[in-house]
Amino acid sequence: MAEEAILGFLEKNDEIRDSGEFAAERGIEHNEIVNVIKSLHGFRYVDAQDIKRETWVLTDEGETYATVGSPEVQLFLAIPQEGISKEELQKKLDPSLFKIGCAQAAKNKWVEMGKQLISRKVQHVDDKVKDLLLQIQQGLNIGSDEIKALKVRKLIIPQTWKGYSLKRGPNYAPKRKKVVTDLTRDNFQSGEWKELEFKEYNYSAKGAPLEGGNLHPLLKVRAQLKQIFLCMGFEEMPTNNFVESSFWNFDALFQPQQHPARDSHDTFFLETPSTTKILPEDYVQRVKHVHESGGYGSRGYAYDWKREEANKNLLRTHTTAVSSRMLYQLAQKPFAPKKYFSIDRVFRNEAVDRTHLAEFHQIEGLVCDRGLTLCDLIGILHDFFSRLGMTKLKFKPAYNPYTEPSMEIFSYHEGFKKWVEIGNSGMFRPEMLQPMGLPEDVQVIAWGLSLERPTMILYGIDNIRDLFGHKVFLGDNYEDGLISILN
Ligand code: PHE
């Protein structure tokens, strides 16, 4: 109401001279008007100038007289027609009231202060003091002599009154436009956003204070797994390149170029830079040869291997791309056995659902030594997974282009009362290792699993989007330790 009154008035008039008068004329509380002015001024609907006025307010004593009457009138009314002795009159009135009343009534020549008797000198008196006090209470102006008299009697004190004078501001409009804070789906679709006025961002607003930090569940589990690998004497491989060439991701792993995983439906290929520039040329030739016509006891795939296909850059689909680089490097030096691991991110062009994301983390371990067998692989898998609390393991024959034999790894989950697939493993093929230049009697046993799967089981998460992305709850009420829950 106050806002409509102000904006409406300024539509027809150039200014509001005094917010106090404006409020009084309309019967609106001045406080209410002031609040509206502050807000309108903030949004520059109006320009407000401060105005100050000295006004008078009643003291406590003044307030009392404004209600019950001045002491002189009270005293006058206490004197009967026939007069009264001082003692009798004193009994009727409060001592300070008697004192002030006598002084003022005598000054006004209302009473006769005889030795025996106090009597009325006039028949009727008006309570001018009370009337003046009431007028001041209502904010009315009174004469300066009267003000002086009341001030001397300490019935009123000065007070500064603050108000405003108003003019139209640069954003003036007869009606305030609603400013919105958010662009919503609805106003975007309806086109309404074009008309809307948006609230400006307050970049200096302070956010809620942070109580403390929490580690992401994936990071916690990753730290535990890293610890397990380190305890088992494994070295971490450098995985700091998400972009990889098809060569290291597929070709070096003896994965044929027409393999469905190399389709853009399964793999993210890069547009820029779309190809790799540097590959070890003599090794590339050996890889081409083994794909096309085999060698090392293999018949190969008998197809036309294309360099352009190997050059294509992609987001690595597995950390085995890193393993192939590392094994190639190892083969360039006199042979020494190695145990390597990595835990990092990989990318697949998959439909996203409750259990699948287009990116996730892989855990990968490999042992490279002379004369390793499938029994060594089974043994090390038992060792590794029992450290995660998974003691009952089963293996199922599987197929990977780069391992032979290959085994899927299952663990019995006591909670779910069933066998769950937890990883994949195998012995790298001679078609992969021999072109690298590793000695013929060197075998590599390796396994891989996702980081998300054990973490989801551990934290009882059944939707991967609660584990990965912006919806992850980073509270501290998760239980720590893989061992307890994976069983
Ligand atoms: N690279 C495999 C995968 O992406 C995992 C694996 C690693 C399998 C090492 C065998 C050996 O699933």
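Positions within a chain are numbered from 1, following the residues in the order the chain's sequence is written. Local features in this predicted model are restricted to residues of pLDDT 70 or higher, and side-chain atom pairs are both shown and tallied only at a pLDDT of 80 or more, whereas totals for entire chains, interfaces and linings draw on every residue. Heavy atoms from the whole structure form the basis of all side-chain values; hydrogens and water molecules are not counted.

**Quick word on the domain arrangement of the protein**
Accessible area lost upon the coming together of the parts is a frequently used measure of interface size.
And then number 1: Domain segmentation is taken from an automatic or database assignment of domains. Domain boundaries in the protein define domain 1 (1-70 + 127-203), domain 2 (71-126) and domain 3 (217-486).
And then number 2: For domain 1 and domain 3, the distance between their C-alpha centroids amounts to 74 Å.

**Quick notes on the environment of leucine 117**
And then number 1: Only DSSP runs of H or I with at least four residues qualify as helices, and only runs of E with at least two residues qualify as strands; both kinds are numbered from the N terminus onward. Mapped onto the elements of the fold, leucine 117 is located in the loop between β3 (111-113) and β4 (118-120).
And then number 2: Spatially, the C-alpha atom of leucine 117 lies 9.2 Å from that of glutamate 82, the residues being 35 residues apart in sequence.
And then number 3: Whether two residues touch is decided by their heavy atoms; if any such pair falls within 4.5 Å, the residues are in contact. With residues near it in sequence (within four places) discarded, leucine 117 still touches Glu82, Gly83, Ile84, Ser85 and Glu112.

**Concerning a negative patch on the surface**
And then number 1: A grouping of Asp263, Asp266, Glu350 and Asp353 is seen on the molecular surface, where their side chains present a negatively charged patch.
And then number 2: With respect to the element layout, aspartate 353 can be found in the loop between β11 (338-347) and β12 (359-370). Without a salt bridge and with relative accessible area above 30%, a residue can belong to a patch; like charges are then joined within 9 Å and nonpolar side chains (Val, Leu, Ile, Met, Phe, Trp, Tyr) within 5 Å. The accessible surface values rely on the Shrake-Rupley method and a 1.4 Å probe; as for residues, cover is taken only from the protein chains in view. By definition, a salt bridge exists where a carboxyl oxygen of Asp or Glu is found within 4 Å of a side-chain nitrogen of Lys or Arg. We treat Lys and Arg as the positive residues and Asp and Glu as the negative residues; His and chain ends play no part in the count. Lysine's charge is taken at NZ, arginine's at CZ, aspartate's at CG and glutamate's at CD.

**A closer look at helix α8 (residues 128-137)**
And then number 1: Think of it in three bands: residues with accessible area under 20% of the maximum for their type are buried, residues over 50% are exposed, and the middle band is partly exposed, with areas taken using a 1.4 Å probe on protein chains only. Taken together, the buried positions of α8 are Val129, Leu132, Leu133 and Ile136. Along the axis of α8, the buried residues cluster in a sector spanning 100°; they form a single face.
And then number 2: On its buried side, α8 packs onto β2 (46-58), α4 (60-68), α5 (71-78), α9 (144-152) and β5 (156-168).
And then number 3: Taken from the residues just after α8, glycine 139 is the one with a positive phi, measuring 80°. To obtain the arc, one takes the directions from the helix axis to the C-beta atoms.

**Re the packing of helix α11 (residues 217-231) against helix α18 (residues 452-459)**
And then number 1: Running from N to C, α11 and α18 point in directions that differ by 110°, and their axes come no closer than 10 Å. Between α11 and α18, the interaxial angle falls into the category roughly perpendicular. Read as a crossing pair, α11 and α18 show a hand that is right-handed. Contacts from Pro217, Leu218, Lys220 and Val221 in α11 reach Glu452, Thr455, Leu458 and Tyr459 in α18.
And then number 2: Residue classes follow a fixed rule: Ala, Val, Leu, Ile, Met, Phe, Trp, Tyr, Cys and Pro count as nonpolar, while Asp, Glu, Lys and Arg count as charged, and any other residue, Gly among them, counts as polar. Taken together, the residues of the contact of α11 with α18 sort by class into five nonpolar, one polar and two charged. Under this scheme, a helix contributes an axis fitted over its contacting stretch, all axes are lines through C-alpha atoms, and angles between N-to-C directions fall in the 0 to 180 degree range. Geometric relationships in this document are graded by angle, where less than 35 degrees denotes roughly parallel, more than 145 denotes roughly antiparallel, 65 to 115 denotes roughly perpendicular, and other angles denote oblique. Here a crossing is taken to be left-handed if its near helix is turned anticlockwise relative to the far helix by less than a right angle, and right-handed if that turn runs clockwise.

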